[in-house]
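# Working through the structure, step by step
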Amino acid sequence: ARDGVRDDDEVVVALAPTNAVSAPVIKDFMAMAERAAERPGRSVFVLNGRLKDVPSHSDVMSVRGREERLAFLNSVRSAFYFKLLYSAGTWYPVRGAVYRAYPGPFEVYRRLPEGEEGEERYDKVKELEGAFPSREDINMAFQSAPGSGKSE
């Protein structure tokens, strides 16, 4: 099928769909997802998707249709999420992580000093229900965690 979905497909998997400045894929992806949704019970799995709007000087991803794209992206649920957290503007050291296995809450972890064997250790400091936690939510979780020195 032109949109990548056949009538007899039970599952649709999209591997790393990524918007690029000169080649946004969101419209094609939305069409594929809508076609997949025509069959009740069919699941669509997206692995490592990067579908947010990409700034474009050539007006490829213009304001027109942006509200529709954002509404679509907000309707997608992440079944699994893991992201390392760093101090602002750095890639080292790792400060912690955010983890979620749907339908559970987002979990914020703080990285602890290395163990005796040099292994990395993490301590869950907060569970957050609802949408992806904001930077402020994550900072508050770190600050209110036991041993942070902020709430003691």
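Heads up: these notes are all about the structure in this document. Given the structure is predicted, the values throughout are model-derived calculations rather than measurements.

### Details of the overall build of the chain
The number of helices and strands found in the chain is three helices and six strands. Along the chain direction, N to C, the helices and strands of the chain fall in the order β-α-β-α-β-β-β-β-α. For the chain, buried positions account for 26% of its 152 residues. Sequence-distant contacts, at least 24 apart, represent 46% of the contacts inside the chain between residues at least 6 apart. Accessible surface, the chain: about 11,000 Å² in total, of which carbon and sulfur atoms supply 51%.

### Comments concerning helix H3 (residues 135-144)
Ile 138, Ala 141 and Phe 142 are the residues of H3 that are buried. Seen from one end, H3 has its buried residues packed into an arc of 95°, which puts them on one side. If you follow the buried residues of H3, they end up packed against strand E3 (80-86), strand E4 (94-101), strand E5 (106-112) and strand E6 (121-128).

### Some details on the sheet that holds E6
Hydrogen bonds between backbone atoms are what pair the strands of a sheet, whose relative direction is either parallel or antiparallel. Across the sheet, which stays open at both edges, the four strands sit in the order E3-E4-E5-E6 with antiparallel pairing between neighbours. Unpaired on one side and paired on the other, E3 and E6 mark the two borders of the sheet. Direction aside, the axes of adjacent strands within the sheet are offset by 25° on average. Contacts from H3 reach E3, E4, E5 and E6 within the one sheet, and its direction differs from that of E5 by about 50°.

### Some remarks on the packing of aromatic side chains
Inspection of every chain in the model, using the stated rule, returns four aromatic pairs. Pairing Phe 80 with Tyr 99 gives two aromatic rings, centres 5.4 Å apart and planes at 80°, and the pair type is edge-to-face. Note that Phe 80 is positioned in strand E3 and Tyr 99 in strand E4, a separation of 19 residues in sequence. A residue is classified by how much of its surface remains accessible, and Phe 80, at 54% relative accessible area, is exposed. Measuring from ring centre to ring centre gives 5.0 Å for Tyr 81 and Phe 132, while their planes differ by 65°; the resulting arrangement is edge-to-face. Of the two residues, Tyr 81 sits in strand E3 while Phe 132 sits in the loop between E6 and H3, which places them 51 residues apart along the sequence.

### Notes on the nonpolar core
The nonpolar side chains of a soluble globular protein tend to be buried, and buried together. Judged by nonpolar contacts, Val 5, Val 12, Ala 14, Ile 26, Phe 29, Met 30, Met 32, Ala 33, Ala 36, Leu 51 and Phe 72 together constitute the single largest core of eleven residues. Breaking this core down by element, the ones donating at least two residues are strand E1 (11-15) and helix H1 (26-36). It is H1 that provides the largest number of residues to this core, a total of six residues. With sequence-adjacent residues up to four places away left out, Phe 72 is seen in contact with Ile 26, Phe 29, Met 30 and Ala 33. In this structure, Phe 106, Val 108, Val 125 and Ala 141 belong to the second largest nonpolar core, which totals ten residues.

### Description of the pattern of salt bridges
In total, this model carries eight salt bridges according to the counting rule given. It is possible to trace a salt-bridge network through shared partners that takes in Arg 6, Asp 8 and Asp 9.

### Quick word on the side chain of Arg 35
Tracing the sequence through the fold places Arg 35 in helix H1. Of the polar contacts made by the side chain of Arg 35, one reaches the backbone oxygen of Val 5; its length is 3.4 Å.

### A short note on a nonpolar patch on the surface
On the surface, a nonpolar cluster with roughly 480 Å² of combined accessible area is contributed by Val 11, Val 13, Leu 15, Phe 45 and Leu 47. Contributing elements (two or more residues each) for the nonpolar patch: E1 and strand E2 (43-47). Considering every element that reaches the nonpolar patch, the biggest residue donor is E1, with three residues. With respect to the helices, strands and loops of the structure, Leu 47 is situated in strand E2.

### Some points on the side chain of Asp 9
Relative to the assigned elements, Asp 9 resides in the segment before E1. Separated by 2.8 Å, the side chain of Asp 9 and the backbone nitrogen of Arg 6 make a polar contact.

Conventions we followed
- Residues numbered from 1 in each chain as written.
- Predicted model: local features only at pLDDT ≥ 70, side-chain atom pairs only at ≥ 80, totals over all residues.
- Heavy atoms only, no water.
- Helix = DSSP H or I, 4+ residues; strand = E, 2+ residues; numbered from the N terminus.
- Buried < 20%, exposed > 50% of the residue type's maximum accessible area, 1.4 Å probe, protein only.
- Contact = heavy atoms within 4.5 Å.
- Areas by Shrake-Rupley, 256 points an atom, 1.4 Å probe, with all protein chains shown as cover.
- Arc of directions from axis to C-beta.
- Pairing = 2+ DSSP bridges.
- Axes fitted to C-alpha atoms, helices over the stretch in contact; angles between N-to-C directions.
- Phe/Tyr/Trp six-rings, centres within 6.5 Å; stacked < 30°, edge-to-face > 60°.
- Core = buried A, V, L, I, M, F, W, Y, C linked by side-chain atoms within 4.5 Å.
- Salt bridge = Lys/Arg side-chain N within 4 Å of Asp/Glu carboxyl O.
- Polar contact = N/O pair within 3.5 Å; in protein donor to acceptor, adjacent residues only side chain to side chain.
- Patch = residues over 30% accessible without salt bridge, like charges linked within 9 Å, V, L, I, M, F, W, Y side chains within 5 Å.

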